[in-house]
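The lines below spell out each chain.
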Amino acid sequence: MTDKIPTAVAVASSNSTIIKDSDGRELHIKKLNTLEGAKLTRACGDAASNQPYMIYATLAASVRQIDDTPMQFPKSVEAVESLIGRLDDAGMEAVARWAESLAPQNQDDVWAAAKN
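In this text the structure is predicted, and so the values were computed from the model without any measurement. (Residues numbered from 1 in each chain as written. Predicted model: local features only at pLDDT ≥ 70, side-chain atom pairs only at ≥ 80, totals over all residues. Heavy atoms only, no water.)

(A) Molecular detail of the pairing of strand 2 (residues 17-20). Direction of pairing for strand 2 relative to strand 3 (residues 26-29): antiparallel, over a ladder of four bridges. For Ile-19, the partnering residue across the bridge sits in strand 3 and is Leu-27. (Pairing = 2+ DSSP bridges. Helix = DSSP H or I, 4+ residues; strand = E, 2+ residues; numbered from the N terminus.)

Printed below as a string of structure tokens:
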């Protein structure tokens with residue numbers, strides 16, 4: 001693992017973002033919508049009650065493409081774990097940093113987000 005910080009570039013289509021992980025791969029990522037979140041929960045089955053597991057699953061499912069290879073939205077625990085394995089530490093760390101950047105930074109931001 002290296003100390004490189006992923007870089008993010010906004011992409012015009014559908015609120016997706018391209019980041020680079022510390023291995024130099026381009027990850028095309030997009031926040032899950034409500035339906036995708038529901039489908040992911042169903043796909044994870046019993047594992048959906050494990051909050052730490054669902055954090056990994058949600059981060060991995062946010063990746064829509066790695067370099068030039070589109071990623072299929074996971075439809076089973078095995079598919080989730082395959083994607084997590086493919087992303088490995090470098091990819092998961094880059095996606096986690098991206099997700100953290102979406103979080104409100106203070107209480108006023110939380111209230112503003114809740115009102116929208």
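(B) Expanded view of the side chain of Glu-36. Secondary-structure assignment places Glu-36 in helix 1 (residues 34-44). You can call Glu-36 buried: its relative accessible area is 15%. Filtering out sequence-adjacent residues up to four positions away, Glu-36 remains in contact with Lys-31, Arg-64 and Phe-73. (Buried < 20%, exposed > 50% of the residue type's maximum accessible area, 1.4 Å probe, protein only. Contact = heavy atoms within 4.5 Å.)

(C) Structural context of the environment of Ile-29. Mapped onto the elements, Ile-29 comes out in strand 3. By relative accessible area, Ile-29 is classed as buried at 0%. Expressed as a C-alpha distance, the spacing of Ile-29 and Ile-66, which sit 37 residues apart in the sequence, is 9.0 Å. Contacts of Ile-29, omitting those with residues within four sequence positions, involve Asn-15, Ser-16, Thr-17, Ile-19, Ser-62, Val-63, Arg-64, Val-95 and Trp-98.

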